[in-house]
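If you want the building blocks of each chain, they are given just below.
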Amino acid sequence: MEEHFRAIIEAIGENPDREGLLRTPYRAARALEFLTQGYEQDLDEIVNGAVFESSNDEMVIVKDIELYSLCEHHLLPFIGKAHVAYLPAGRVIGLSKIPRIVDMYARRLQIQENLTQQIGQSIQRVTGAHGVGVVIEAQHLCAMMRGVQKQGSSMITSMMLGRFRDDPRTRQEFLDLIRTGR
Ligand SMILES: Nc1nc2c(ncn2[C@@H]2O[C@H](COP(=O)(O)OP(=O)(O)OP(=O)(O)O)[C@@H](O)[C@H]2O)c(=O)[nH]1
Ligand SMILES: [Zn+2]
């Protein structure tokens with residue numbers, strides 16, 4: 001990857017041998033490795049068995065999860081928040097595991113719709129919940145710094161499974177709860 005970053009620096013007309021850029025291919029490679037480390041991870045490893053029996057059948061919500069991903073079209077960041085909810089069916093998942101699942105899929109080349117879907121399906125699979133809801137609000141640098149250059153717009157995507165899809169009240173409760181306290 002370092003060689004390729006060096007070639008990119010040359011291709012944009014810069015001098016990869018000037019002092020400030022000498023270690024840049026190395027740094028950029030490490031940064032990109034970090035930002036795409038989700039390819040090295042899988043769901044079972046992330047969850048690590050942290051699923052616990054519980055008779056609580058009320059909605060669980062983790063909201064305002066910071067999200068940093070890379071758009072698969074331009075390799076530019078999209079940045080935002082994810083909100084995740086589920087209706088437990090006898091099992092709950094460790095609190096930290098939900099942001100970890102978000103990060104695992106965000107640290108890959110993504111479009112926001114697929115990211116939203118992958119998070120929802122994974123939470124469903126791990127918890128066996130009666131339903132799962134995921135909402136992501138994000139701003140795409142590819143649409144802000146370049147392209148249409150719309151700095152004020154954001155994209156909102158959602159994935160509703162089970163009762164979140166079938167029962168309008170469950171969906172509404174989720175949407176109301178992620179809106180409060182802002
Ligand atoms: N649906 C969706 N589109 C995305 C996402 N990230 C980037 N895009 C869009 O992907 C599209 C790629 O379109 P192309 O016409 O192939 O690429 P482009 O010429 O760089 O497009 P512009 O951004 O319009 O300049 C653009 O409309 C982007 O805004 C995403 O997460 N979801
Ligand atoms: Zn893009």
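What you are looking at is a predicted structure, and each value in this text was computed from that prediction instead of being measured.

*Asks:* Please explain the overall build of the protein chain as it appears in this structure.
*Replies:* Each helix and strand counted, the protein chain has eight helices and seven strands in total. Within the protein chain, buried positions represent 29% of all 182 residues. Considering only intrachain contacts with a sequence separation of at least 6, the fraction spanning at least 24 residues in the protein chain is 69%.

*Asks:* I'm lost on the site of ligand 1 in this one. Help?
*Replies:* For ligand 1, the full set of nearby residues is C71, H73, I111, Q112, E113, H140, C142, A143, G147 and V148. Those elements that place two or more of their residues in the shell around ligand 1 are α5 (112-127) and α6 (141-144). By residue class, the composition of the shell around ligand 1 is five nonpolar, four polar and one charged.

*Asks:* Would you explain unusual backbone geometry in this entry?
*Replies:* Leave glycine aside and you will find that most residues have negative phi; peptide bonds, for their part, are mostly trans. Even without a glycine there, the phi angle at N48 is positive, about 50°. Relative to the helices and strands, N48 resides in the loop between α3 (43-47) and β1 (51-53). Even without a glycine there, the phi angle at D64 is positive, about 60°. Along the chain, D64 turns up in strand β2 (residues 60-71).

*Asks:* Which parts of the structure should I look at to understand the packing of helix α1 (residues 2-11) against helix α2 (residues 24-35)?
*Replies:* Each pair of packed helices gets described by two things: the angle between the helix axes and the distance between those axes. Viewed as axis vectors pointing N to C, α1 and α2 meet at an angle of 120°, and their least axial separation amounts to 8 Å. As judged from the angle between their axes, α1 and α2 are oblique. Crossing geometry of α1 relative to α2 is assigned as right-handed. For the pair α1 and α2, the contacting residues are E2, F5, R6 and I9 in the first and T24, P25, Y26, A28 and A29 in the second. When grouped by side-chain class, the residues that make up the contact of α1 with α2 number six nonpolar, one polar and two charged.

*Asks:* Even after reading the chapter, I still don't get the domain arrangement of the protein chain, so can you show me in this structure?
*Replies:* Many authors give the size of an interface as the accessible area that is lost as the parts come together. Partitioning the protein chain into domains gives domain 1 (2-35) and domain 2 (43-179). Using only C-alpha atoms to locate each centre, domain 1 and domain 2 end up separated by 33 Å.

*Asks:* I would appreciate a short explanation of the pairing of strand β3 (residues 77-87) in the present structure.
*Replies:* Successive residues of a regular strand alternate their side chains across the two faces of the sheet. Counting buried residues along β3, eight of its eleven residues qualify, which places the element largely inside the surrounding structure. Note: β2 against β3, nine bridges, orientation antiparallel. Paired with I65 across the bridge in β3 is A82. In textbook terms, the turn of a hairpin is the stretch between consecutive antiparallel strands, and for β2 and β3 this stretch comprises five residues, one of which, L75, has a positive phi near 60°. Of the strand pairs in this sheet, β3 and strand β6 (residues 131-140) are connected by ten bridges, and their pairing is antiparallel. Its bridge partner being in β6, F78 is matched across the sheet by H140.

What counts and what doesn't
Residues numbered from 1 in each chain as written. Chains lettered and ligands numbered in written order. Predicted model: local features only at pLDDT ≥ 70, side-chain atom pairs only at ≥ 80, totals over all residues. Helix = DSSP H or I, 4+ residues; strand = E, 2+ residues; numbered from the N terminus. Buried ≥ 20, exposed ≤ 12 C-beta atoms within 10 Å, placed from the backbone. Contact = placed C-beta atoms within 7 Å. Near = placed C-beta within 6 Å. Nonpolar A, V, L, I, M, F, W, Y, C, P; charged D, E, K, R; others polar. Axes fitted to C-alpha atoms, helices over the stretch in contact; angles between N-to-C directions. Parallel < 35°, antiparallel > 145°, perpendicular 65-115°, else oblique. Left-handed = near helix turned anticlockwise from the far one by under 90°. Domains from an automatic or database assignment. Pairing = 2+ DSSP bridges.

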